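One-letter residues, chain by chain:
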Amino acid sequence: MDLFDYMRENSMKENSPLAQRMRPRNLDEVVGQRHIIGPDKLLYRAIKADKLSSIIFYGPPGTGKTTLAKVIANTTSADFRQINATVAGKKDMEDVVAAAKNNMGMYGRKTILFVDEIHRFNKGQQDYLLPFVEDGTLILIGATTENPYFEVNSALISRSIIFELKALEKEDILSLIHTAVYDKERGMGAYDAVIDEDAAEFLADLANGDARNALNAVELGIMSTNRSEDGKIHITLEVAEECIQKRVIRYDKTGDNHYDTISAFIKSMRGSDPDAALYYLARMLYAGEDIKFIARRIMICASEDVGNADPQALVVAVSACEAIERIGMPEAQIILAQAVTYVATAPKSNASYLGIDKAMAQVANEKTAAIPPHLQDAHYKSAAKLGHGTGYLYAHDYPMHYVKQQYLPDTLVGRKFYEPTDNGYEKNINEHMRRLEENS
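From a predicted model like this one, the values you see are computed outputs, not experimental measurements. (Residues numbered from 1 in each chain as written. Predicted model: local features only at pLDDT ≥ 70, side-chain atom pairs only at ≥ 80, totals over all residues. Heavy atoms only, no water.)

Draft legend 1. Examining the overall build of the protein chain more closely. When its secondary structure is counted, the protein chain shows 20 helices and seven strands. The C-alpha atoms of the protein chain give a radius of gyration of 32 Å, which is well past the 22 Å a tight globule of 440 residues would have. The long-range share in the protein chain, meaning contacts at least 24 apart out of those at least 6 apart in sequence, stands at 72%. Working note: accessible area of the protein chain is about 24,400 Å², and carbon and sulfur atoms make up 52% of it. (Helix = DSSP H or I, 4+ residues; strand = E, 2+ residues; numbered from the N terminus. Rg over C-alpha atoms; globule rule 2.2 N^0.38 Å. Contact = heavy atoms within 4.5 Å. Areas by Shrake-Rupley, 256 points an atom, 1.4 Å probe, with all protein chains shown as cover.)

Draft legend 2. Fine view of the packing of helix α10 (residues 170-182) against helix α11 (residues 197-206). At a minimum axis distance of 9 Å, the contact between α10 and α11 shows a crossing angle of 125 degrees. Put simply, α10 runs oblique to α11. Along this stretch, α10 crosses α11, giving a crossing that reads as right-handed. Contacts between α10 and α11 pair Lys170, Ile173, Leu174, Ile177 and His178 from the former with Glu197, Ala200, Glu201, Leu203, Ala204 and Asp205 from the latter. Taken together, the residues that form the contact of α10 with α11 break down as six nonpolar, one polar and four charged. (Axes fitted to C-alpha atoms, helices over the stretch in contact; angles between N-to-C directions. Parallel < 35°, antiparallel > 145°, perpendicular 65-115°, else oblique. Left-handed = near helix turned anticlockwise from the far one by under 90°. Nonpolar A, V, L, I, M, F, W, Y, C, P; charged D, E, K, R; others polar.)

Draft legend 3. Spotlight on the nonpolar core. Within the largest apolar cluster, 32 residues are counted, with the highest numbers of intra-cluster contacts made by Ile173, Ile177, Ile195, Leu203, Val218 and Ile222. If you list the elements that add at least two residues to this core, you get α2 (18-21), α10, β6 (193-195), α11, α12 (211-224), β7 (233-235) and α13 (237-243). Not counting chain neighbours up to four residues away, the residues in contact with Ile177 comprise Ile195, Ala200, Leu203, Ala204, Ala214 and Val218. In this structure, Phe265, Ala317, Ile335 and Ala346 belong to the second largest nonpolar core, which totals 31 residues. (Core = buried A, V, L, I, M, F, W, Y, C linked by side-chain atoms within 4.5 Å. Buried < 20%, exposed > 50% of the residue type's maximum accessible area, 1.4 Å probe, protein only.)

Draft legend 4. Expanded view of the layout of surface pockets. There is about 780 Å³ of room inside the second largest pocket. For the second largest pocket, the lining is made up of 21 residues, of which Tyr402, Tyr407, Lys416, Met433 and Glu437 are closest to its centre. Counted by class, the lining of the second largest pocket contains 11 nonpolar, four polar and six charged residues. (1 Å grid on protein atoms, 1.4 Å probe; cavity = no way out; pocket = protein on both sides within 12 Å on 5 of 7 lines; lining within 4 Å. Points joined across faces, edges and corners; volume = space filled by probe spheres on them.)

Draft legend 5. Region of the structure containing the pattern of salt bridges. Using the criterion set out here, one finds 16 salt bridges in the structure. In this structure, Arg159 engages Glu134 in a salt bridge whose closest nitrogen and oxygen atoms are separated by 2.5 Å. One end of the pair, Arg159, is in the loop between α9 (154-158) and β5 (161-164); the other, Glu134, is in helix α7 (residues 123-134), with 25 residues separating them in the sequence. The partner of Glu419 in a salt bridge is Lys358, with the nearest N and O atoms 3.0 Å apart. Here Glu419 is found in the loop between α19 (351-365) and α20 (425-438), whereas its partner Lys358 is found in helix α19, with 61 residues between them in sequence. Each of Arg25, Glu29, Glu185 and Arg186 takes part in one network of salt bridges that share partners. (Salt bridge = Lys/Arg side-chain N within 4 Å of Asp/Glu carboxyl O.)

Draft legend 6. Focus on the sheet that holds β5. Taken together, five strands build an open sheet; the order of strands is β2-β3-β4-β1-β5 and the sheet is parallel. Looking along the sheet, the strands with just one partner apiece sit at the ends: β2 (79-84) and β5. Averaged over neighbouring strand pairs, the angle between their axes works out to 15 degrees when direction is ignored. Across four bridges, strand β1 (residues 55-58) lies against β5 in parallel orientation. Paired with Tyr58 across the bridge in β5 is Glu164. Helix α5 (residues 65-75) rests against β1, β2, β3 (111-116) and β4 (139-144) of the sheet, and its axis sits at about 145 degrees to β1. (Pairing = 2+ DSSP bridges.)

Draft legend 7. Highlighting the side chain of His388. Tracing the chain through its elements places His388 in the loop between α19 and α20. For His388, the side chain forms a polar contact with the side chain of Gln376, separated by 2.8 Å. (Polar contact = N/O pair within 3.5 Å; in protein donor to acceptor, adjacent residues only side chain to side chain.)

Draft legend 8. Expanded view of the environment of Ala46. Its location among the elements puts Ala46 in helix α4 (residues 42-49). Taking relative accessible area as the criterion, Ala46 reaches 13% and is therefore assigned buried. Taking C-alpha positions, Ala46 is 9.8 Å from Ile72, a pair spaced 26 residues apart along the chain. Apart from residues no more than four positions distant in its own chain, Ala46 is found in contact with Lys51 and Leu52.

Draft legend 9. Structural detail: a negative patch on the surface. A cluster of acidic residues, Glu197, Asp198, Glu238, Glu241 and Glu242, forms a negative patch at the surface. Looking at the negative patch, the elements with two or more residues in it are α11 and α13. Counting residues per element, the negative patch draws most heavily on α13, at three residues. Residue classification places Glu241 among the partly exposed positions, given a relative accessible area of 40%. (Patch = residues over 30% accessible without salt bridge, like charges linked within 9 Å, V, L, I, M, F, W, Y side chains within 5 Å. Lys, Arg positive; Asp, Glu negative; His and termini not counted. Charge placed at Lys NZ, Arg CZ, Asp CG, Glu CD.)

Draft legend 10. Focus on a nonpolar patch on the surface. Side chains of Tyr353, Leu354, Ile356 and Met360 sit close together on the surface and give an oily, nonpolar patch of about 390 Å² of accessible area. Its location among the elements puts Ile356 in helix α19.

Right under this line is the structure:
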């Protein structure tokens, strides 16, 4: 390193964002994630002993994935290399592999490769790393906000230990905020700032488990607030509210949060909890989810989970879908809310869903059964000669517009696919079917 490199590095340290300067340098400075780095946990022991195998850190933004990689870099005796999957190409990986081979061959020294946002690597790039991870040339540390079981090569997954990081607790964020304000070495203590407790609580709550979001707000507050008469910078609740004007919702339309939220939304409607259903609807709308996607899920739930217990539910859901396309946001949220609360509070039955599921399995798994002759089409030439349609009883010619005759194929006589419940309108269906049976 020459003088200019040294000066540039020191300048970057001094001028880098607060969130960067606050990164822990060792395990003792790490806040949160005690479920994987508590003193009795595998990862803690492995880092301390410098005996890491390939691992993948998975979790939301701002929870410490890169931080833990940096801690490992500071404690390991192995050569530590880092690349970001959003910008790295094959040449970058080839350089790392070549250096790793030299390290192992000449010095017997291991190489740890940290790949940030590893889910951004395509299959070919992930496949390139596989043999070098497999033979021990590289110890891989991957970081991803996406579910690695969906986004990372299964062969790499099988050779790695997955550690899931959780959103930080409010108390963890509070601890970081106080350190950021008052620590003179890594934080902003040199600015002689103070933060009111209600402001710290507000920032910790609205950070939503994302340490980076909270630290960015602290830095903005201190850098943009004038000193008071006492010579100090006061971070009040009013200042904090200006620094975070809108709660950050972690919601990637192609990621886990998207699927987790829509899953909770559907299960709340199915479980007849309109309050929870409205809450998850609001989360999706707030995050900018496609209203047509939401409407489609409501229609599916109206048929799958309400069904004939309240046939009107599907009518409401379909009408809502048509209405939101004509009206758009923000008024569309009112229409969606009406449909959601109707479906959530409607009586429930999945009898139709189970019925088609059983019927599809019957068709898929067993030999196609012959249609009874009397049900076959009698209108084409020679149909009568073949006996098609002969003996068919026209239901409307009989009392109650019903006559008992065989409709299922011979091999399926007596098979039940649709078994209505006694919920809602299906109770009427049951009673009607019993009356037909009794009067036939």
